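Observations on the three-dimensional arrangement
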Amino acid sequence: PVAQAVAVIFCLIFLGYFAAIYFKGNLNQNEKKGMWALFLICVASACFWAGFEQAGSSLNLFGRDYTDRMLGAFEIPTAWFQSANSFFIVILSPFFAALWINLAKKMITPSYSVKCALGLIIMATGFIVMFFAAQYAASGLKVAPYWLIATYFLHTVGELCLSPVALSAVSKLSPRRFAGQMMGVFVLTYSIGNVIAGLLAGNFDPENVGQMPHLYLQISLFGISVGIILVLLSFKTKYWEQAAESAAQDAEKTAQA
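Residues numbered from 1 in each chain as written. Predicted model: local features only at pLDDT ≥ 70, side-chain atom pairs only at ≥ 80, totals over all residues. Heavy atoms only, no water.

**Thoughts on the overall build of the chain**
Applicable threshold: Here a strand is any run of E in DSSP of at least two residues, a helix any run of H or I of at least four, and the numbering for each starts at the N terminus. In this treatment the radius of gyration is a C-alpha quantity, and the globule benchmark scales as 2.2 Å times the residue count to the 0.38 power. Classification of residues uses two cut-offs on accessible area relative to the type maximum, computed with a 1.4 Å probe and protein chains only: under 20% is buried, over 50% is exposed, and between them is partly exposed. Throughout, the Shrake-Rupley method with a 1.4 Å probe supplies accessible areas, and for residues the shown protein chains are the sole cover considered. Only four residue types enter the tally: Lys and Arg on the positive side, Asp and Glu on the negative side; His and the chain ends are excluded. All charge positions are set by atom: Lys at NZ, Arg at CZ, Asp at CG, Glu at CD.
Summing up its helical and strand segments, the chain has 8 helices and 2 strands in all. The helix and strand sequence of the chain, counted from the amino end, reads α-α-α-β-β-α-α-α-α-α. The C-alpha radius of gyration computed for the chain amounts to 20 Å, which stays within 12% of the reference 18 Å derived for 257 residues, consistent with globular compactness. In terms of principal-axis extent, the alpha carbons of the chain reach across some 70 × 45 × 30 Å. In the chain, which comprises 257 residues, the share counted as buried stands at 45%. Taken as a whole, the chain presents about 12,900 Å² of accessible surface, with 68% of it coming from carbon and sulfur. Charge centroids of the chain, computed over 15 positive and 12 negative side chains, lie 14 Å from each other.

**Re the packing of aromatic side chains**
So the rule is basically this: Only the six-membered ring of Trp is used, alongside the rings of Phe and Tyr, when aromatic pairs are assigned; centres must lie within 6.5 Å, and planes under 30 degrees apart are stacked while those over 60 apart are edge-to-face, with the rest tilted. Charge-over-ring contacts are defined here by two conditions on Lys NZ or Arg CZ: a distance within 6 Å of the ring centre and an angle within 35 degrees of the ring normal.
Taken as a whole, this structure holds 20 aromatic pairs when the rule is applied. On the numbers, 5.6 Å between centres and 45° between planes, the contact of F14 with F18 is tilted. With F14 and F18 both in helix 1 (residues 2-24), this residue pair falls 4 residues apart, about one helical turn. Of the two residues, F14 and F18, both sit in the buried class. Ring plane angle 40° and centroid distance 6.5 Å describe the contact between W36 and W240, whose orientation is recorded as tilted. Taken together, the residues W36 in helix 2 (residues 29-52) and W240 in helix 8 (residues 212-256) connect sequence positions 204 residues apart. The exposure class of W240 is buried, given its relative accessible area of 17%. Feature note: the residues F14, F18, Y22, F23, W36, F39 and W240 constitute an aromatic cluster, connected by ring pairs. Positioned above the aromatic ring of Y22, the side-chain terminus of K32 is 5.4 Å from the ring centre.

**Looking at the pattern of salt bridges**
Any two side chains of opposite charge can pair if their charged atoms end up close together. Note the following rule: Here, a salt bridge means any side-chain nitrogen of Lys or Arg that lies within 4 Å of a carboxyl oxygen of Asp or Glu.
Under the criterion given, the structure shown has 3 salt bridges. A salt bridge links D65 to R64, with the nearest nitrogen and oxygen atoms 2.7 Å apart. The class for R64 is partly exposed, based on a relative accessible area of 40%. With its nearest N and O atoms 3.4 Å apart, the salt bridge here joins E75 to R69.

**Quick notes on the nonpolar core**
Definition in use: Throughout, nonpolar core names a set of buried Ala, Val, Leu, Ile, Met, Phe, Trp, Tyr and Cys residues whose side chains join them through atoms within 4.5 Å. Should any heavy atoms of two residues lie within 4.5 Å, those residues are counted as being in contact.
Among the nonpolar cores identified, the biggest contains 68 residues, and F62, M182, M212 and Y216 are the most heavily contacted of them. Looking at this core, the elements that each hand over two or more residues are helix 1, helix 2, helix 3 (58-65), helix 4 (83-105), helix 5 (112-138), helix 6 (146-173), helix 7 (179-202) and helix 8. Excluding residues within four positions of it along the chain, M212 makes contact with S58, F62, Y66, A134 and F204.

**Observations concerning helix 4**
This is how it is decided: The span you would expect from a helix comes to 1.5 Å times its residue count less one. The bend at a residue is defined as the angle formed between two axes, one fitted to the seven residues ending at that residue and one fitted to the seven starting there.
Given a rise of 1.5 Å per residue, 23 residues ought to cover 33 Å, and the 34 Å separating the end C-alpha atoms of helix 4 matches this to within 8%. If you look at helix 4, its biggest bend is around 45°, right at L92, and the proline P94 turns up within four residues after that. Taken residue by residue, helix 4 has A84, N85, F88, L92 and F96 as its buried positions. Two residues or fewer past helix 4, M107 is found with a positive phi of approximately 65°.

**A word on unusual backbone geometry**
Residue N26 is not a glycine yet carries a positive backbone phi of 55°. Note on placement: N26 falls in the loop between helix 1 and helix 2.

Shown next as structure tokens:
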């Protein structure tokens, strides 16, 4: 009940502050379009972290109880699996930085919503991997560590697609005079995602592995569905984002003058 109340409070604060800036911030039409694009990115962020933060709960329990952690005579500590994300971040970050730069040079510039949708879908596919791993575990087998490693790899790729892009979107799409406040509002999506992640994991009984495939399939299908919706809306959001960036450029010129 406490976690559910906290989730509701965080969502109300987010929606209330967002609405206050939209309706009471004296925004022009282009700035309002940017706010709509930013709202969808915030939704994607909350959904992403709700799945990603299973790492510290259901995925950690799966690693502890249902993963064969023996490497010869050595038992891999469960906590070591938590290091996979950091390892992949360090290894993959330069490649993703180069990817976006090279795409921009070729005049291929996906909208922020498309990039975030891609990150969300890739993260969700990690739970498809866990769906099959959990089915093996439900049959009484302990699964190999590479199932978890593959999931953490996909989660990290999704994070590199979404997290830096979403932060950039906040700075680019927010009305200039509300940029700092909107960054704070956006950070609330991390909290919302973490609380939802806890609620999802809280509905899972670690002693009943038969629940795990259904849990992971639900998270996967939900994340992929939201990602597809964002891609379908991208034809509209691309226009909103361009309008918001135009408004920001006009605001900078006015300030310099």
